Amino acid sequence: MKIRASVALSLLLAAGIDQASAAALDASHTNQVMTSVKNSISAQHSTGCVAVVDASGTLLAFQRLDGASPGCVDAALGKARTSALYHSPSLKFMQRLQSGETTVLAIPHAVALGGGFPLTLQNEVVGAVGVSTPKQDLDNQASEAAAQALK
């Protein structure tokens, strides 16, 4: 009995250590991503929305920049959730749809628009960023640049 309890305790402690060392987005990372996206949008003299979500797609941070249309709110969040849940840029879903794969529209929580990009730390997807501006190319560029800059 004592051996089983001791083994169980050791397993619980080991699990706790693994969870504590697991990569996760914190406020500093989130601010870094938000700042990168806002700088990209500003450099292009544009406006839009940016959303950062954790690995489960839960919103961590959001900003609608001055002059951004109300439609960008849900678009940015949807793009971020798509990338977080499927560990893939949302652009991939758009490309699949454009190539005729209409079943993409039936994938739960998948938004077939570019501008969402997974965020990784220690080679693990820990969340995603979603960007929605009037320019599709800017959405893709800004989200990917923010993900690449994450440290």
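Under the annotation held in an unreviewed UniProt entry, the chain carries the name Heme-binding protein and is attributed to Pantoea leporis.

A. Local environment of the overall build of the chain. Helix and strand content of the chain: five helices and four strands. Taken from N to C terminus, the helices and strands of the chain fall in the order α-α-β-β-α-α-β-β-α. Taking the contacts inside the chain whose residues are at least 6 apart along the sequence as the reference set, 62% of them involve residues at least 24 apart. Approximately 8,400 Å² of the chain is accessible, and the part contributed by carbon and sulfur atoms is 56%.

B. Focus on the sheet that holds strand β3 (residues 116-121). If you walk across this open sheet you meet the four strands as β2-β1-β4-β3, and the pairing is antiparallel. Two strands bound the open sheet, and with one partner strand each, they are β2 (59-64) and β3. Put simply, the sheet's adjacent strands are angled 15° from each other on average, direction ignored. The sheet contact formed by strand β1 (residues 49-54) and strand β4 (residues 124-132) spans six bridges and is antiparallel. Counted as the bridge partner of V52 is V129 from β4. Strand contacts of helix α2 (residues 27-43): β1, β2, β3 and β4, with the helix running at about 25° to β2, the strand carrying the most contacts.

C. Structural context of the nonpolar core. One finds L25, V33, V37, V52, L119, V129 and V131 to be the most contacted residues of the largest nonpolar core, which totals 21 residues. Mapped by element, the contributors of at least two residues to this core are α2, β1, β3, β4 and α5 (136-149). Here V37 is in contact with V50, V129, V131, A142 and A146, once residues within four sequence places are set aside. Judged by nonpolar contacts, the second largest core, of ten residues, contains C49, A68, C72 and L77.

D. Here's a closer look at the state of the cysteines. This structure, assessed with the given rule, holds one disulfide. The residue that forms a disulfide with C49 is C72, at a sulfur-sulfur distance of 1.9 Å. What sets the handedness of the C49 and C72 disulfide is the S-S torsion sign, and at about 40° it is right-handed. One end of the pair, C49, is in strand β1; the other, C72, is in helix α3 (residues 71-86), and 23 residues separate them in sequence.

E. Just unusual backbone geometry, in detail. Located in the positive-phi region is H45, a residue other than glycine, with phi close to 55°. Locating H45 in the fold gives a position in the loop between α2 and β1. On the accessibility criterion, H45 (76% relative accessible area) is exposed. Positive phi is not limited to glycine here, since Q122 has a value of about 50°. Tracing the sequence through the fold places Q122 in the loop between β3 and β4.

F. The side chain of S90, seen in detail. You can see S90 is positioned in helix α4 (residues 90-98). Residue classification places S90 among the buried residues on the basis of a relative accessible area of 0%. A polar side-chain atom of S90 sits 3.4 Å from the main-chain amide nitrogen of G115. If we ignore the near neighbours within four places in the chain, the residues touching S90 are K79, T82, S83, V111, L113, G114, G115 and G116.

G. Structural detail: the pattern of salt bridges. All told, the structure shown has two salt bridges when counted by the stated rule. For D139, the salt bridge goes to K79, with nearest N and O atoms at 2.8 Å. Residue D139 is found in helix α5, and its partner K79 is found in helix α3; the two are separated by 60 residues along the sequence. We note that D139, like K79, is buried. Across the pair R96 and E101 runs a salt bridge whose closest N-O atoms are separated by 2.6 Å.

Calculation notes
Residues numbered from 1 in each chain as written. Predicted model: local features only at pLDDT ≥ 70, side-chain atom pairs only at ≥ 80, totals over all residues. Heavy atoms only, no water. Helix = DSSP H or I, 4+ residues; strand = E, 2+ residues; numbered from the N terminus. Contact = heavy atoms within 4.5 Å. Areas by Shrake-Rupley, 256 points an atom, 1.4 Å probe, with all protein chains shown as cover. Pairing = 2+ DSSP bridges. Axes fitted to C-alpha atoms, helices over the stretch in contact; angles between N-to-C directions. Core = buried A, V, L, I, M, F, W, Y, C linked by side-chain atoms within 4.5 Å. Buried < 20%, exposed > 50% of the residue type's maximum accessible area, 1.4 Å probe, protein only. Disulfide = S-S within 2.5 Å. Polar contact = N/O pair within 3.5 Å; in protein donor to acceptor, adjacent residues only side chain to side chain. Salt bridge = Lys/Arg side-chain N within 4 Å of Asp/Glu carboxyl O.

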